[in-house]
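A look at the structure
Here is what each chain is made of, one letter per residue.
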Amino acid sequence: MKKMFLITLICLAMAGVAYCADNTSYEAQKLALSEYKEDGSKKWDLNASSAQMNLDDKINLSNPKGVLYEDGRPAIELNSNKGTFNKSKKNIILNDNVVVEHKLQNSVLKTDSLKWESETSLLKTDDPIRITREDTLVTGKEFEFDKDREVGIIKKDVKIRKFDADEKKHPTIITCEGKMEVKYKDNLAEFFDNVVVTDPQATLKADYIRVILNKEKHEVENIYCEGNVYVVQGDKKAVSQQANYDAIEKTIVLTGNPRLMKTENLLGADKITFYMKDERVVCEPQARLIIFPTKEDKKIFDL
């Protein structure tokens with residue numbers, strides 16, 4: 001079955017259609033657009049309080065509101081003060097106070113402009129974004145969301161703040177110099193390039209961090225770190241090449257030539273485990289006291 005694309009123009013009977021003097025454009029007080037998939041299910045709706053149609057390929061919209069569907073259900077709602085619809089490419093560009101509500105993820109995105117590409121199912125913007133979801137705030141620039149794959153990417157200035165139920169506690173903050181990629185179907189988020197996790201209990205740094213979330217509660221279950229791992233908890237500092245944080249057991253396991261600095265002692269082992277609840281550290285097996293640290297150790301630990 002050939003893909004169906006239905007455009008319905010609804011003009012209020014009392015208002016009619018207003019033509020411009022040069023007859024090159026006309027205005028309608030109301031506009032409704034819809035696209036359907038090959039199986040007959042609705043792909044998206046677009047409504048506007050008024051529309052200006054020109055002889056070219058664009059329709060200028062006032063107060064546009066779009067709805068993107070998933071399995072026949074409204075999944076994402078888009079609103080803005082102004083917008084443009086491209087008739088041939090079926091792209092929608094929203095401007096001025098853009099609000100995107102993802103019904104299935106219970107999240108709200110706000111930005112200054114947003115482009116929706118119907119053919120590729122992409123939502124994207126180069127402007128700063130702000131995403132709120134329950135107790136989590138995400139900010140950044142150059143956002144892209146693939147609706148079909150359920151993958152979101154923020155390329156610049158990534159910062160995540162997760163607030164604890166106790167408002168007196170400092171929020172958990174994640175930043176990175178590279179991109180953040182979230183795969184919603186897999187319940188995981190990846191952070192690239194100089195990633196820093198600041199928690200009330202510890203600070204964790206690495207070149208790459210992968211966060212796995214609980215499918216039902218959407219809380220952090222596990223954090224895997226790789227490359228130049230650095231952990232600070234109170235007077236204890238540790239480095240390694242890999243680390244695994246178990247958010248349920250509240251433990252950080254360091255592997256890959258891990259070394260620990262506590263007070264004036266530099267220790268090494270095959271594995272170093274931080275027990276976050278009671279602020280205890282265990283080095284095993286073959287724990288050893290490093291009396292003559294390398295130049296790298298001296299630089300890392302400021303010896």
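Refer to the structure above for everything that follows.
Here the structure is a predicted model, which is why all the values come from computation and not from measurement. (Residues numbered from 1 in each chain as written. Predicted model: local features only at pLDDT ≥ 70, side-chain atom pairs only at ≥ 80, totals over all residues. Heavy atoms only, no water.)

1. With respect to the overall build of the chain
The helix and strand tally for the chain stands at 1 helix and 28 strands. Within the chain, contacts between residues separated by at least 24 positions form 34% of all contacts whose residues are at least 6 apart in sequence. Surface exposure of the chain reaches about 16800 Å², of which carbon and sulfur atoms provide 49%. (Helix = DSSP H or I, 4+ residues; strand = E, 2+ residues; numbered from the N terminus. Contact = heavy atoms within 4.5 Å. Areas by Shrake-Rupley, 256 points an atom, 1.4 Å probe, with all protein chains shown as cover.)

2. Topic: the pairing of strand 4 (residues 31–36)
Most of strand 4 sits inside the fold, with 5 of its 6 residues counted as buried. Relative to strand 5 (residues 42–48), strand 4 runs antiparallel, the two sharing 6 bridges. Within the sheet, the bridge partner assigned to Ser34 lies in strand 5 and is Asp45. Once strand 4 ends, the chain turns through 5 residues before running back antiparallel as strand 5, passing Gly40 with a positive phi of about 90°. (Buried < 20%, exposed > 50% of the residue type's maximum accessible area, 1.4 Å probe, protein only. Pairing = 2+ DSSP bridges.)

3. Describing the pattern of salt bridges
Throughout the structure, instances matching the rule amount to 18 salt bridges. A salt bridge links Lys124 to Glu117, with the nearest nitrogen and oxygen atoms 3.1 Å apart. The salt bridge partner of Lys162 is Asp135, with a shortest N-O separation of 3.2 Å. Placement of the pair is Lys162 in strand 16 (residues 151–162) and Asp135 in the loop between strand 14 (129–133) and strand 15 (136–146), with a sequence separation of 27 residues. For Lys162, a relative accessible area of 26% puts it in the partly exposed group. Linked through salt bridges whose partners overlap, the residues forming this network are Glu35, Lys90 and Glu119. (Salt bridge = Lys/Arg side-chain N within 4 Å of Asp/Glu carboxyl O.)

4. Topic: the packing of aromatic side chains
Scanning the model with the defined rule gives 3 aromatic pairs in all. Considering the side-chain rings of Phe145 and Tyr184, the 5.9 Å spacing of their centres and the 75° angle between planes classify their relative orientation as edge-to-face. Here the residue Phe145 occupies a position in strand 15, and Tyr184 occupies one in the loop between strand 18 (180–183) and strand 19 (188–198), the gap between them amounting to 39 residues. Of the residues examined, Phe145 reaches a relative accessible area of 5% and is grouped as buried. Overall, the relative accessible area of 32% leaves Tyr184 in the partly exposed class. Over the ring of Phe192 we find Lys179, and its NZ or CZ is 5.4 Å from the ring centre. The ring of Tyr275 carries Arg280 above its face, with NZ or CZ at 4.1 Å from the centroid. (Phe/Tyr/Trp six-rings, centres within 6.5 Å; stacked < 30°, edge-to-face > 60°. Lys NZ or Arg CZ within 6 Å of the ring centre and 35° of its normal.)

5. A short note on the nonpolar core
A general tendency of soluble globular proteins is for nonpolar side chains to be buried together. If you look at the biggest cluster of nonpolar residues, it comprises 60 residues, and the most contacted ones within it are Phe191, Ile209, Leu254 and Phe274. Once residues within four sequence positions are removed from consideration, Phe274 is found in contact with Val231, Gln233, Lys236, Ala238, Lys250, Thr251, Ile252, Leu254, Leu260, Arg280 and Val281. Ranked by size, the runner-up nonpolar core spans 5 residues in total, among them Tyr230, Met261, Leu266 and Phe301. (Core = buried A, V, L, I, M, F, W, Y, C linked by side-chain atoms within 4.5 Å.)

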